[in-house]
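Breakdown of the fold
Here are the chains, one letter per residue:
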Amino acid sequence: QERMLTRRYPRYTGELFTYSYALVFTNRFWTLILSGMLLMYLKPSRSQSTVIYEYSFPSISNMLSSWCQYEALRYVSFPAVTLFKSFKLAPVMAMGKLLGNKKYAQYDYIVALLIGIGITMFMTATDKLNLGHNIYQKESGLWTGIMLLFLFLFFDSFTSQWQSRMFQRHRDLSMIELMFATSAFSTVLSMVTLIHTKELGPAISFMYRHSEIHLHFFMFSMCSTIGQLLIFYTIKNFGAVVFTIIMTTRVLLSITLSCFLYDHKVTSTGFLGLMLVLAAVCYRIKRKVEGQHIIKWRGMGDEKAIELVQEWHEHIDT
């Protein structure tokens, strides 16, 4: 994401790729293909109670959340975007209360507060929350990126809670069927958006002029899609706690790699904010694991599908 949206083609002297919906379309298209292959291979029982329009709501919100995330990279650094995703807990809780009247443990609110403080420290020290210039050298501000990230969290939390509600209402709905249907809607909708905004032609022209982006598109889409499938597999076979530990480590590795490759400077205050976020996540893991086995070697049953989709959305890169 960072390479395609914030670096030039050819590098240093070329032009920027500015068509975020083309990334959304490519990502969803490959997810559609792989989930379709899984449907044919696994042949899960098809849900008889779902109505087709229900899939459109999470598809639209998922597409919008992806667009907001990609656009935010034009205003804030990739480490900031990666860390900001840790704040998903707060809007997911808020949306859960709004759509499903759910209740959450007191420590979840404490963790959400600490994560918010840590992210504020990191972005204040590292990205500097003041008006300046974006990557196009136009008058803009990093607050635009912050707004886009909050919109990303809003749409993403709606997606997860709506899909959880679908599992509650339709007990015969499988995760693979849900993944295929939402990807199908998102693929069509993102293509329509590309045509309506007149970005399809310029995006194709850009890809024709700069052939190296084809490899980046393919790697990004395949890694994202396979990552989604591995998330399903890991949570289902080893439990959500183990997966949360893995993803927490992954946040550290992603930020470290981005700082190394693209020379992002992290101050001592920013590093303290990062450690505060990770400490809050680790505390939540500790509370969740109390009285439970850390590793769940057997797969979750169908009754755990709601928990599965919640954990999936909490860590997925849309």
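Keep in mind that this is a model prediction, so the values were computed, not measured. (Residues numbered from 1 in each chain as written. Predicted model: local features only at pLDDT ≥ 70, side-chain atom pairs only at ≥ 80, totals over all residues. Heavy atoms only, no water.)

Before going further, it helps to spend a moment on the overall build of the protein chain. A tally of regular secondary structure across the protein chain gives 13 helices and four strands. For the protein chain, the residues scored as buried account for 54% of the 318 residues in total. Put simply, of all contacts in the protein chain between residues at least 6 apart along the chain, 83% involve residues at least 24 apart. On the protein chain, roughly 15,800 Å² of surface is accessible, and the fraction owed to carbon and sulfur atoms is 67%. (Helix = DSSP H or I, 4+ residues; strand = E, 2+ residues; numbered from the N terminus. Buried < 20%, exposed > 50% of the residue type's maximum accessible area, 1.4 Å probe, protein only. Contact = heavy atoms within 4.5 Å. Areas by Shrake-Rupley, 256 points an atom, 1.4 Å probe, with all protein chains shown as cover.)

Of note, His-216 is situated in helix H10 (residues 212–238). For the pair His-216 and Arg-3, spaced 213 residues apart in sequence, the C-alpha to C-alpha distance is 8.4 Å. Ignoring any residue separated from it by four or fewer positions in sequence, one finds His-216 in contact with Arg-3, Met-4 and Tyr-9.

The next point concerns the packing of helix H3 (residues 56–72) against helix H8 (residues 175–196). For the pair H3 and H8, interaxial distance at closest approach is 8 Å and the crossing angle is 55°. Relative to H8, the element H3 is oriented oblique. As H3 runs across H8, the sense of the crossing is right-handed. Contact residues: H3 offers Ser-56, Pro-58, Ser-59, Ile-60, Asn-62 and Met-63, while H8 offers Ala-181, Thr-182, Phe-185, Ser-186, Leu-189, Ser-190 and Thr-193. Of the residues contributing to the contact of H3 with H8, the split by class is six nonpolar, seven polar and no charged. (Axes fitted to C-alpha atoms, helices over the stretch in contact; angles between N-to-C directions. Parallel < 35°, antiparallel > 145°, perpendicular 65-115°, else oblique. Left-handed = near helix turned anticlockwise from the far one by under 90°. Nonpolar A, V, L, I, M, F, W, Y, C, P; charged D, E, K, R; others polar.)

The subject of this paragraph is the confidence of the model for the protein chain. For the protein chain, per-residue confidence averages 77 on the pLDDT scale, and 78% of positions sit at 70 or higher. When mean pLDDT is compared element by element in the protein chain, helix H9 (residues 200–209) scores highest at 91, while strand E3 (residues 131–133) scores lowest at 38. Of the regions scoring below 50 in pLDDT, residues 129–139 engages in 27 contacts with residues more than four places distant in sequence or in other chains. Across residues 297–302 the pLDDT falls below 50, and counting only partners more than four positions away or on other chains, this stretch makes 11 contacts in the model. (pLDDT = per-residue confidence, 0-100.)

Attention shifts here to the pattern of salt bridges. Tallied over the entire structure, the rule returns two salt bridges. In this structure, Arg-3 engages Glu-212 in a salt bridge whose closest nitrogen and oxygen atoms are separated by 3.9 Å. Taken as a pair, Arg-3 in helix H1 (residues 2–6) and Glu-212 in helix H10 lie far apart in primary sequence, 209 residues in all. When its relative accessible area of 14% is taken as the criterion, Arg-3 is described as buried. Of the residues examined, Glu-212 reaches a relative accessible area of 36% and is grouped as partly exposed. Between Arg-209 and Glu-15 there is a salt bridge, with its nearest N and O atoms 2.9 Å apart. Of this pair, Arg-209 sits in helix H9 while Glu-15 is found in strand E2 (residues 15–16), placing the two residues 194 residues apart along the sequence. (Salt bridge = Lys/Arg side-chain N within 4 Å of Asp/Glu carboxyl O.)

Each aromatic ring pair is summarised here by two numbers: the centre-to-centre distance and the angle between the ring planes. Evaluated as defined, the whole model comprises 13 aromatic pairs. Each ring, one from Tyr-21 and one from Trp-67, has its centre 6.0 Å from the other, and the planes form 20°; the classification is stacked. Note that Tyr-21 is positioned in helix H2 (residues 20–42) and Trp-67 in helix H3, a separation of 46 residues in sequence. Using a relative accessible area of 11% as the deciding quantity, one classes Tyr-21 as buried. (Phe/Tyr/Trp six-rings, centres within 6.5 Å; stacked < 30°, edge-to-face > 60°.)

The next thing to look at is H3. Along an α-helix, residues three or four positions apart point the same way, because every turn accommodates 3.6 residues. With 17 residues, H3 should reach 24 Å at 1.5 Å per residue; the first-to-last C-alpha distance of 24 Å fits that figure. Within H3, 13 of the 17 residues are buried, which leaves it mostly tucked inside the rest of the structure. (Expected span 1.5 Å × (residues − 1).)

Another point: the environment of Tyr-75. Tracing the sequence through the fold places Tyr-75 in the loop between H3 and helix H4 (78–84). Look at Tyr-75 and you get buried, because its relative accessible area is 18%. A sequence separation of 68 residues divides Tyr-75 from Trp-143, and the C-alpha atoms of the two residues are 8.0 Å apart.

What follows covers the environment of Ile-146. Along the chain, Ile-146 turns up in helix H7 (residues 142–169). Here Ile-146 falls in the buried class, since its relative accessible area comes to 7%.

Ranked by internal contacts, the top residues of the largest apolar core, which has 53 residues, are Phe-17, Leu-23, Val-76, Ile-115 and Phe-217. When neighbours within four sequence positions are excluded, Phe-217 is seen to be in contact with Met-4, Phe-17, Ala-22, Leu-23, Thr-26 and Met-207. Among the nonpolar cores identified, the runner-up in size contains 10 residues, and Tyr-55, Met-95, Phe-158 and Trp-162 belong to it. (Core = buried A, V, L, I, M, F, W, Y, C linked by side-chain atoms within 4.5 Å.)

On the surface, a nonpolar cluster with roughly 390 Å² of combined accessible area is contributed by Phe-29, Ile-33, Met-37 and Met-40. Mapped onto the secondary structure, Met-37 falls in helix H2. Judged by its relative accessible area of 49%, Met-37 falls in the partly exposed class. (Patch = residues over 30% accessible without salt bridge, like charges linked within 9 Å, V, L, I, M, F, W, Y side chains within 5 Å.)

Moving on to the packing of H2 against H8. The angle between the axes and the distance between the axes are what describe a pair of packed helices. The N-to-C vectors of H2 and H8 enclose an angle of 150°; their axes lie 8 Å apart at closest approach. On the basis of their axis angle, the class for H2 and H8 is roughly antiparallel. H8 is crossed by H2, and the crossing has left-handed handedness. When its residues are assigned to classes, the contact of H2 with H8 shows 15 nonpolar, eight polar and two charged.

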